[in-house]
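Report on the structure
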There are 2 protein chains.
Amino acid sequence: MKELQNRILQDGIAVNSDILKVDSFINHQVDPALMLRIGQEFADHFKDRGITKVATIESSGIAPALMTAQCMGIPLIILKKQPSRILNDNLYQTEVTSFTKGTSYELTLSSSFVDESDHVLIIDDFLANGEAATGAIRLLRKAHATVAGIGILIEKSFQPGHEKLVEQGFDVYALARIRRMDTGVIEFLS
Amino acid sequence: MKELQNRILQDGIAVNSDILKVDSFINHQVDPALMLRIGQEFADHFKDRGITKVATIESSGIAPALMTAQCMGIPLIILKKQPSRILNDNLYQTEVTSFTKGTSYELTLSSSFVDESDHVLIIDDFLANGEAATGAIRLLRKAHATVAGIGILIEKSFQPGHEKLVEQGFDVYALARIRRMDTGVIEFLS
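All of the points below concern the structure found in this document. Values in this document were obtained by computation on a predicted structure and should not be read as measured data.

Let us now look at helix α4 (residues 62-72) of chain B. Residue and element names in this part refer to chain B. Most of α4 is tucked away, with eight of its eleven residues classed as buried. Of all the positions in α4, only Ile-62, Ala-63, Pro-64, Ala-65, Leu-66, Met-67, Thr-68 and Ala-69 are classed as buried. Gly-73 sits one or two positions beyond α4 and adopts a positive phi of about 70°.

A word on the relation of the copies chain A and chain B. Between chain A and chain B, the superposition needs a rotation of 180° and an axial shift of 0.0 Å, giving an RMSD of 0.0 Å. Classification of the inter-copy transformation places it as that of a two-fold axis. For chain A, the smallest separation between a C-alpha atom and the rotation axis is recorded for Ser59(A), amounting to 2.9 Å. Of the residues that chain A buries at the interface, 100% are likewise interface residues in chain B, meaning the two copies contact each other through the same surface.

Moving on, we come to helix α1 (residues 2-11) of chain A. Each full turn of the α-helix corresponds to 3.6 residues, which orients residues three or four apart in the same direction. Residue and element names in this part refer to chain A. Regarding α1, the residues found buried are Leu-4, Gln-5, Arg-7 and Ile-8. Mapping the buried residues of α1 onto a view down its axis gives an arc of 160°, with all of them on the same face. In α1, the exposed residues that point more than 90 degrees away from the buried face are Lys-2 and Gln-10. For α1, the secondary structure elements touched by its buried residues are β2 (20-21), α2 (23-27), α3 (32-45), β9 (146-156), β10 (172-182) and β11 (185-188).

As a further point, take the packing of helix α1 (residues 2-11) of chain B against helix α3 (residues 32-45) of chain B. Residue and element names in this part refer to chain B. Taken N-terminus to C-terminus, the directions of α1 and α3 make an angle of 145°; their axes are 10 Å apart at the nearest point. The segment α1 lies against α3, with Glu-3, Leu-4 and Arg-7 engaging Leu-34, Arg-37 and Ile-38. Looking at the contact of α1 with α3 residue by residue, the class counts come to three nonpolar, no polar and three charged.

With 74 residues, the main nonpolar core has Leu4(A) and Leu4(B) as its most contacted residues. With residues up to four places along the chain from it excluded, the contact list for Leu4(B) reads Phe25(B), Ile26(B), Leu34(B), Ile38(B), Leu153(B), Leu175(B) and Ala176(B).

A few words on the pairing of strand β7 (residues 103-110) of chain B. The side chains of a regular strand alternate, residue by residue, between the two faces of the sheet. Residues and elements named next belong to chain B. Burial analysis of β7 places six of its eight residues in the buried class, which makes it a mostly covered element. In terms of strand pairing, strand β5 (residues 76-82) meets β7 through three bridges, oriented antiparallel. Residue pairing for β7: Gln-82 is matched across the bridge by Glu-106. Taking the residues between adjacent antiparallel strands as the criterion, strand β6 (residues 91-98) and β7 are bridged by four residues, where Gly-102 takes a positive phi near 65°.

On to the packing of aromatic side chains. By convention here, two paired aromatic rings are described through the distance between centres and the angle between planes. In this structure the tally under the stated criterion is six aromatic pairs over all chains. On the basis of an interplanar angle of 85° and a centroid distance of 6.1 Å, the ring pair of Phe42(B) and Tyr173(B) is categorised as edge-to-face. You can see Phe42(B) sitting in helix α3 and its partner Tyr173(B) sitting in strand β10 (residues 172-182), a full 131 residues away along the chain. Pairwise contacts between aromatic rings join Phe42(A), Phe46(A) and Tyr173(A) into one cluster. Sitting above the plane of the Tyr105(A) ring, Lys81(A) keeps its charged end 5.0 Å from the centroid.

All names here are of chain A. Tracing the backbone through its elements, the reader meets Leu-153 in strand β9. Leu-153 gets classed as buried once you look at its relative accessible area, which sits at 0%. In the structure, Leu-153 is positioned 23 residues away from Ala-176 in sequence and 6.1 Å away in space, judged by C-alpha atoms. If we ignore the near neighbours within four places in the chain, the residues touching Leu-153 are Leu-4, Ile-26, Ile-38, Phe-42, Pro-64, Asp-124, Asp-125, Leu-175 and Ala-176.

Considering the arrangement of structural elements, one finds Thr108(A) in strand β7 (residues 103-110). Look at Thr108(A) and you get buried, because its relative accessible area is 3%. In terms of polar contacts, Thr108(A) uses its side chain to reach the backbone carbonyl oxygen of Glu106(A), at 3.5 Å. If sequence neighbours within four positions are ignored, Thr108(A) has contacts with Leu79(A), Lys80(A), Gln82(A), Leu91(A), Tyr92(A), Gln93(A), Leu139(A) and His28(B).

The subject of this paragraph is unusual backbone geometry. Each neighbour pair has its own omega, and for Glu58(A) with Ser59(A) the value is 5°, a cis peptide bond. Inspection of the secondary structure puts Ser59(A) in the loop between β4 (53-57) and α4 (62-72). At His144(A), a position not held by glycine, the phi torsion is positive, near 65°. Relative to the elements of secondary structure, His144(A) occurs in the loop between α5 (131-142) and β9. Here the phi dihedral of Asp48(B) falls at roughly 60°; this positive angle occurs in a residue that is not glycine. Looking at the element boundaries, Asp48(B) is found in the loop between α3 and β4 (53-57). Judged by its relative accessible area of 74%, Asp48(B) is exposed.

About the thresholds
- Residues numbered from 1 in each chain as written.
- Chains lettered and ligands numbered in written order.
- Predicted model: local features only at pLDDT ≥ 70, side-chain atom pairs only at ≥ 80, totals over all residues.
- Heavy atoms only, no water.
- Buried < 20%, exposed > 50% of the residue type's maximum accessible area, 1.4 Å probe, protein only.
- Helix = DSSP H or I, 4+ residues; strand = E, 2+ residues; numbered from the N terminus.
- Least-squares fit on C-alpha atoms with pLDDT ≥ 70 in both.
- Contact = heavy atoms within 4.5 Å.
- Arc of directions from axis to C-beta.
- Axes fitted to C-alpha atoms, helices over the stretch in contact; angles between N-to-C directions.
- Nonpolar A, V, L, I, M, F, W, Y, C, P; charged D, E, K, R; others polar.
- Core = buried A, V, L, I, M, F, W, Y, C linked by side-chain atoms within 4.5 Å.
- Pairing = 2+ DSSP bridges.
- Phe/Tyr/Trp six-rings, centres within 6.5 Å; stacked < 30°, edge-to-face > 60°.
- Lys NZ or Arg CZ within 6 Å of the ring centre and 35° of its normal.
- Polar contact = N/O pair within 3.5 Å; in protein donor to acceptor, adjacent residues only side chain to side chain.

Put into structure tokens, the structure is as follows:
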């Protein structure tokens, strides 16, 4: 998506070869009009797949995921991060470890909102090693739902997340694919 | 807002005299079309106040706040919860203690995104004791911004948050004001 790539070049800050700050329009300050056009782009790409729900991981994926759900006319499910396992028959949980951040959390989904009839589109802001997306997929499988696609705003294509997900047969659609970055330098794949 | 009140009566679950579950349309599963109409309602109520930004506390206020910002054509600021104080010249922080949950966190705002020229509308899902809203106000004051109003989806009017904020001179607009609740019973003020 050319608009997002241009916005990243204009307002994103490549701190080093690994950290890209998009605080001014995605993560901390959010541009709602851009989020709506991102939602339209995902809705268009993933139309005609029988998608019944959009899911995202709290909290920085909520804005683009909400706009995607709004454009598709379907509910949004926010997968919740809990610090520790909760014993509850009505909850699915799976542990997600972020190697980048050195933290882990329990990703949580109520069994009331997703079942075997659901075809779920996962939306998230970043894809790097794929830990969060893989956790979301595991959780949706526990609910016997079908993962119908994965929509990503910004992919660090030099990290293995994209390849891992494509190898498993998922349709991964990333709006901005970064081939290489370094302090002050951002290069896209196409 | 009659639509929200009816939805609470239909899909909300009053667990006891204090806990209202709205997991199926606001907190965990989110109805984007309802969020858009809530955003339109807030945008209409707070129009002509010179509002420059919408702010919310992550994460359950993000959906209605994003739609409000979209309807008003202005940016959204997500005030971040950090477990502990971060030493950084470019950050404002304030500690918020939730007596209900028995937890506390540092509410965080980058100085890059709000300044003395800003008139900020705070949007949140719940108002009970007003701890979160008061924390957001303190944080926006550190940034020398003006708090132009407070929009709340669901207010527990039997708790002191509303009164505390109105006493300080704030315009608090709550879409559903609960006078009394108990297991299976929800009564609105009007």
